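# Topology and contacts: notes
In case you want the letters, here they are:
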Amino acid sequence: MKKNISVNIEIGKMQIFIEMQKMTESILDKALSLEFISLDEAKYLYKHATLGDLMSVAHQIRNILNNPQQVSWIVDRNVNISNRCVCGCKFCNFHVKPGSDGAYITTEAEYDEKINALIEKGGNQLLLQGGLDPKAGLDFYVSLFSDLKKRFPQIKLHALGPAEVHFIAQRSKLSVEEVLKTLVAAGLDSLPGAGAEILVDRVRTIVSPNKCTSDEWLNVMRVAHTLNLCTSATMMFGHVETIDERIEHLIKIRELHQNRPEGASGFSAFIAWPFQKSGTVLERDFPEIQTVSGEEYIRMVALSRIVLVNIKNIQASWLTVGKDIGQMCLFAGANDLGSIMIEENVVSAAGAHYTMTAEQMVATIEEAGFTPLKRNQDYTPYL
Ligand code: SF4
């Protein structure tokens, strides 16, 4: 009798396992046909699909959307316009309050030196990031961008982000559209997807309570798309968010891109990186936060590729996870390794210290079995 009961339990378990496999396969087939999977389906995959299944399907989707042999990369330089910021994000060790000790603003001579070094290394993109600086209004950025463009016309300005644009619009009492049009006229070439963190307000009120809301972030990007400004989308995960909230974030990005005006480029790429906690207020307030493991990062990259079938490029953040995990991501849906990053000050202030030269980037891609393609900020080949 006891034996019969245990045999029945084993059969029951086996049937559940087979059902789960069937369900997983049908969702993965749907993704492979480039159909949008739902939030519940993505949750199901996150919970039940093996890492191998996720990587395999994500890699096949990557090969449908991109040249299977190529992995793109870029030489750019991250210059912080200043470190003055009133936002006080709890994951950011980089900012200081305006007027406090250590506050700086990058000078003309420093821009010259940094941009000349970028050009010498074969780069043509400046990733200009600031913060929410009440002393820097729209006029400040217009004069900075137009001056940089006058002196370095070949350099593309990939600058600010939705949070800064929203802040400038609020302070100058202008619409987001007016601010973006003015910045583009001054030399802004593309808008990075910085400051997205997790686009769910429950999370934002904990990690960055003074930053724009999810809707405000999405609205700046919506306006940027109507102006056909090249943009990217990001996600910083592995802090206080739930898995559902990560997926909700992905679906908001997918919907916004899908609803872009006809002919607009929308989001050229999606980049996820794990929260770097070392010495942050968030680490102090939530000591239970675990560092995202390599496996977890790869799983999220693969899931991003599977959910975001309408966005062409998925970038792996080797800067935060290191070269080896970066290479693994090239088999989990990623087709871009981003920049060699001549200078970076924000995630490195919270514990990410990986570096790479252009030669090392090329070697990293070749070692993984791909052909490196040096690109511009809009993902066109660098000529
Ligand atoms: S992440 Fe950006 S907006 Fe937030 S505190 Fe740091 S500099 Fe300011």
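Refer to the structure above for everything that follows.
Conventions adopted
- Residue numbers here run from 1 along each chain, matching the order of that chain's written sequence.
- For this predicted model, a pLDDT threshold of at least 70 governs which residues receive local features, and a threshold of 80 or more governs which side-chain atom pairs are given and counted, while totals over whole chains, interfaces and linings are taken from all residues.
- Only hydrogens and water are set aside when side-chain values are computed; all heavy atoms of the structure are taken into account.
- The helix count covers DSSP runs of H or I at least four residues long, the strand count covers runs of E at least two residues long, and both are numbered beginning at the N terminus.
- In this description the radius of gyration comes from C-alpha coordinates, and the expected globular size is given by 2.2 Å times residues to the power 0.38.
- Exposed residues in this analysis have more than 50% of their type's maximum accessible area, buried residues have under 20%, and partly exposed residues fall in between, with area computed by a 1.4 Å probe over protein chains only.
- Throughout, a residue-residue contact means that at least one pair of heavy atoms, one from each residue, lies within 4.5 Å.
- Under the convention used here, a 1.4 Å probe and the Shrake-Rupley method define accessible areas, while residue burial counts only the protein chains that appear.
- Multiplying one less than the number of residues by 1.5 Å gives the expected span of a helix.
- Here Asp and Glu are counted as negative and Lys and Arg as positive; His is not counted, and neither are the chain ends.
- Just to be clear on terms, a salt bridge is a Lys or Arg side-chain nitrogen sitting within 4 Å of an Asp or Glu carboxyl oxygen.
- Here a polar contact is recorded for every N or O atom pair within 3.5 Å, except that within protein the pair must consist of a potential hydrogen donor and a potential acceptor, and residues adjacent in sequence are included only if both atoms are side-chain atoms.

A tally of regular secondary structure across the protein gives 15 helices and ten strands. Taking 21 Å as the expected radius of gyration for a compact globule of 383 residues, we find that the protein reaches 22 Å, a close match to that expectation. Projecting the C-alpha coordinates of the protein onto the three principal axes gives extents of approximately 85 × 45 × 40 Å. The buried share among the 383 residues of the protein stands at 54%. In the protein, of all internal contacts separated by at least 6 residues, the share reaching a separation of at least 24 is 76%. Total accessible area on the protein stands at roughly 16,600 Å², and carbon and sulfur atoms take up 54% of it.

The end-to-end C-alpha separation of helix H9 (residues 214-226) is 18 Å, in line with the 18 Å expected for 13 residues at 1.5 Å each. Of all the residues in H9, the buried ones are Ser214, Trp217, Leu218, Val220, Met221, Val223, Ala224 and His225.

This brings us to the side chain of Arg204. Mapping Arg204 onto the fold places it in helix H8 (residues 201-207). Buried charge without a partner: Arg204 forms no salt bridge, and the closest opposite charge is Asp201, 4.4 Å away. Within polar-contact distance, the side chain of Arg204 engages the backbone oxygen of Cys212 at 3.0 Å. The residues touching Arg204, leaving out its near neighbours within four places in the chain, are Gly195, Ala196, Glu197, Ile198, Leu199, Pro209, Lys211, Cys212, Thr213, Ser214 and Trp217.

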